[in-house]
Amino acid sequence: MNIYEAISSLVFFGEKEGLIEKEDEIYTRNQILTVLSLTSFEDAKPKEDAELEEILSVILQYAEENGLCENSVVYRDLFDTKVMGTLVARPSDIISEFRKRYSVSPEDATAYYYHLSRKSNYIREYRIKNDIKWVTKTDYGDIDITVNLSKPEKDPKAIAAALKCKQSSYPKCQLCKENEGYAGRVNHPARENHRIIPVTIGGSQWYFQYSPYVYYNEHCIVFNGEHTPMKIDEGAFLKLFDFVKQFPHYFVGSNADLPIVGGSILTHEHFQGGNYTFAMAKAPIETKLSFDGFEDVSAGIVKWPMSVIRLSGKDTKRICSLGGKILTSWRNYTDEDAFIFANTDGIPHNTITPIARKRGENFELDLVLRNNITTKQYPDGVYHPHPEYHHIKKENIGLIEVMGLAVLPARLKTEMELLKEAMLSGADIEKDERIAKHKAWAEMIKNKYSVTKENCDDILKHEIGVVFAAILEQCGVFARTEKGKEQFLKFVDSVK
C-alpha cells in the first residue's frame, strides 16, 4: 500500500465500521490529508480487507519518512491517535446516538459505544490480542490469569523528552473529562479519538467510558466529573447502585481508598465495571450471617480467598445502610490476635473494596475487607503479596484482582519461556539472572510433576494460577482456617 491507498483504506474502514457515513468520505479524507500535511490526493482504491493495524502502519511509516513523527512508540501513538480522531464524530453526536439506543435498551447503547471505542482505536485491539490469557481451576472456582502485554513500554528517547517536558496540570489526571479530544504529549496519552458519556450518579455529573486496556469484556470506567479524591463510604455504595440500576447488565466496583490496597489513581473518584462475571461473583455463601434490624437483607461470608461479606436484597438503600454500618465498624476495628489494627501512629489502615451487581430480582453488594498495615518483615504490606511470591507478582492487589482476575507483568512471558528451556535442559536456573528468582519455585514444580516438553507450558500456567490464589489468601485479613473464621465472626458480632 502506498500512502494514498492507505488513506482510501482508512476512509473505507471508517465507513464499514460505522464511524462515518457515505456523505462524510471526502470531508474525512481531507481531514486526514491535513494531518499528513498533504495538499493533494491521487485517486486510489481502498484495500477493503486491510486490518486497521496494517493501514496505520503505512501511514506512520509515511509520517516518519516525511518528518511528521519520530520512530518511537510514544510518538507513533500520539500521531496515529490524531489520524483516528478525524474519523470520530463530535461528542454531542455520540451522546445523542447513545441515548437513542439506550431508549431501546441499555445493552444496545453499550454495544454501540463499545464498538465505537474499539474501532476508533481508542482501545487498541491489535495490542490487547497479544495478552496471554488462561483459566486456572482452584478450590475457589475458575480464576482468570492475564499476562499483560498490551501496554507498550516507553523508549529511552521518550522518557528523556518527558523529563524535559514542561509540567502541566491540564488535564489534572488521565481520568479527567478534559482528556476528551486532547492531543496528548510525551508524558500524557493522546485522546483525539476518545469520547465520554455523561451519566448522573448520586445526583451529580459523572462520566462513563471504556478502559483503553480492557482486561475483560466491556471493561468500563465510571468517573466523577470533578477531580476529587477516592472515598469509600455509604454514599459510595449508593453511587455504585445508581450505576447498576442504569446498566443492570454491568457489575461495578471501586478500588479501596487507601494506598497499597487501593488503585493506581486515588486522586480521582472512579469506579470500574463491565459485562463480565468473575469467579468471586460465582462463589457461594459458605456461612450465613444476620444483622439486627436488617432482617430484610440477606448476608453471608463468601467462599473466597479474601475476606468478603455479601449483602443481598431488593432495597438498595437498606443494603447500603447495612454496608455503611459494616464499613464504620471495620474502620474502627482492632483485633491484636488477628493482627488487625484500625490505625497506628494516627495512620488509618482499615477500608473496604465494594462491588455491586444485580442478580435476578435482587441487588448484591460484596464488601471485601482490606487492611494496609506494614511491618519490618512485610514492608510492602502484611495483607499484600508476600516476598516468596514476588517472582510472580509484587504489585498491589486492586479491584480486578480481588474479584479473581490476575493482571501479571509482561516480564513473565519471557521468563516462563526461559524457565521452560532451563527446566527441560537441566540448566542451572540460578546462573541466569533473568530467571534466578524462580529457582525454588521451579524445583518445587519438578518434584511435583514429571515435566516434559509437551506438558511444561500447561504446568507452568497452572502453577502460576495456584500462586495467584495463594496471594489472594495472603491478602485476606482473616485466614482461611478455623481460627480465622472465629476471628471473622468476632468482627461480625462487633457490627452495631
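Caption draft 1: How the structure looks around the pattern of salt bridges. By the definition in use, this model includes 34 salt bridges. Between Lys 446 and Glu 443 there is a salt bridge; the shortest N-O distance is 3.7 Å. In this pair, Lys 446 and Glu 443 are both assigned in helix α14 (residues 439-448), three residues apart and thus about one turn of the helix distant. A relative accessible area of 30% means that Lys 446 is categorised as partly exposed. Look at Glu 443 and you get partly exposed, because its relative accessible area is 32%. Put simply, Arg 310, Arg 357, Arg 359, Glu 364 and Asp 366 are held in one network by salt bridges that share partners.

Caption draft 2: Local environment of the packing of helix α13 (residues 411-425) against helix α15 (residues 456-475). Two numbers describe how α13 lies on α15: the axes approach to 10 Å, and their chain directions differ by 125°. The angle between α13 and α15 places the two elements in the oblique class. Judged by the sense of rotation from one axis to the other, the crossing of α13 with α15 is right-handed. On the side of α13, the interface is formed by Met 416, Leu 419, Lys 420 and Met 423, while α15 contributes Cys 456, Asp 457, Leu 460 and Ile 464. Residues that form the contact of α13 with α15 fall into these classes: six nonpolar, no polar and two charged.

Caption draft 3: Just the sheet that holds strand β4 (residues 204-210), in detail. In spatial order, the strands read β3-β4-β5-β7-β6-β13-β14-β10-β9-β8; together these 10 strands make up an open sheet with antiparallel pairing. Every other strand in the sheet has two partners, leaving β3 (197-201) and β8 (285-289) as the edge strands with one partner each. For this sheet, the mean angle separating the axes of adjacent strands, direction not counted, is 25°. Judged from the three bridges that link them, strand β6 (residues 251-253) and strand β7 (residues 270-274) form a sheet pairing that is antiparallel. Across the sheet, Phe 251 pairs through a bridge with Gly 274, a residue of β7.

Caption draft 4: Examining the sheet that holds strand β2 (residues 141-147) more closely. Spatial strand order, β1-β2-β15: three strands in an open sheet with mixed pairing. The outermost strands of the open sheet, each flanked by one partner alone, are β1 (132-138) and β15 (405-408). Taken over all neighbouring pairs, the strand axes of this sheet differ in orientation by 20° on average, direction set aside. Against the sheet, α15 contacts β1, β2 and β15, and its axis sits at roughly 65° relative to β1.

Caption draft 5: Quick peek at the environment of Leu 419. Here Leu 419 shows up in helix α13. Owing to a relative accessible area of 0%, Leu 419 belongs among the buried residues under this scheme. For the pair Leu 419 and His 438, spaced 19 residues apart in the sequence, the C-alpha separation amounts to 7.9 Å. Discounting chain neighbours no more than four positions away, the residues touching Leu 419 are Ile 429, Ile 435, His 438, Trp 441, Ala 442 and Leu 460.

Caption draft 6: Representation of a negative patch on the surface. Together, Glu 48, Asp 49, Glu 51 and Glu 53 line one region of the surface with negative charge. Inspection of the secondary structure puts Asp 49 in the loop between α2 (25-35) and α3 (52-65). Judged by relative accessible area, Asp 49 falls into the exposed class, the value being 60%.

Definitions and cut-offs
- Every chain is numbered independently, its residues counted from 1 as its sequence is written.
- Local features are withheld for residues below a pLDDT of 70 in this predicted model, meaning they are given only at 70 or higher, and side-chain atom pairs are given and counted only at 80 or more; totals for whole chains, interfaces and linings count all residues.
- Here the side-chain values reflect all heavy atoms present in the structure, with hydrogen atoms and water set aside.
- Should a side-chain nitrogen of Lys or Arg be within 4 Å of a carboxyl oxygen of Asp or Glu, the pair is scored as a salt bridge.
- Think of it this way: any DSSP run of H or I at least four residues long counts as a helix, any run of E at least two long counts as a strand, and we number them from the N terminus.
- Buried, partly exposed and exposed residues are distinguished by accessible area as a fraction of the type maximum, computed with a 1.4 Å probe on protein chains only: under 20%, between the cut-offs, and over 50%, respectively.
- Orientation is described by axes fitted as lines to C-alpha atoms, over the contacting stretch for helices, and by angles from 0 to 180 degrees between their N-to-C directions.
- An angle below 35 degrees is treated as roughly parallel, one above 145 as roughly antiparallel, one from 65 to 115 as roughly perpendicular, and anything else as oblique.
- A clockwise turn of the near helix away from the far one marks a right-handed crossing, whereas an anticlockwise turn of less than a right angle marks a left-handed crossing.
- Should any heavy atoms of two residues lie within 4.5 Å, those residues are considered in contact.
- All amino acids are sorted into three groups, where Ala, Val, Leu, Ile, Met, Phe, Trp, Tyr, Cys and Pro are nonpolar, Asp, Glu, Lys and Arg are charged, and the leftover types, Gly among them, are polar.
- Two strands pair if DSSP finds at least two bridges between them.
- Like-charged residues within 9 Å of one another, or nonpolar side chains (Val, Leu, Ile, Met, Phe, Trp, Tyr) within 5 Å, are grouped into patches, provided each residue has over 30% relative accessible area and no salt bridge.
- What sets the accessible areas is the Shrake-Rupley method with a 1.4 Å probe; for residues, cover comes only from the shown protein chains.
- Positive: Lys, Arg. Negative: Asp, Glu. His and the chain ends are not part of the count.
- The location of each charge is read from NZ of Lys, CZ of Arg, CG of Asp or CD of Glu.

Read these as geometric descriptors, not functional statements.
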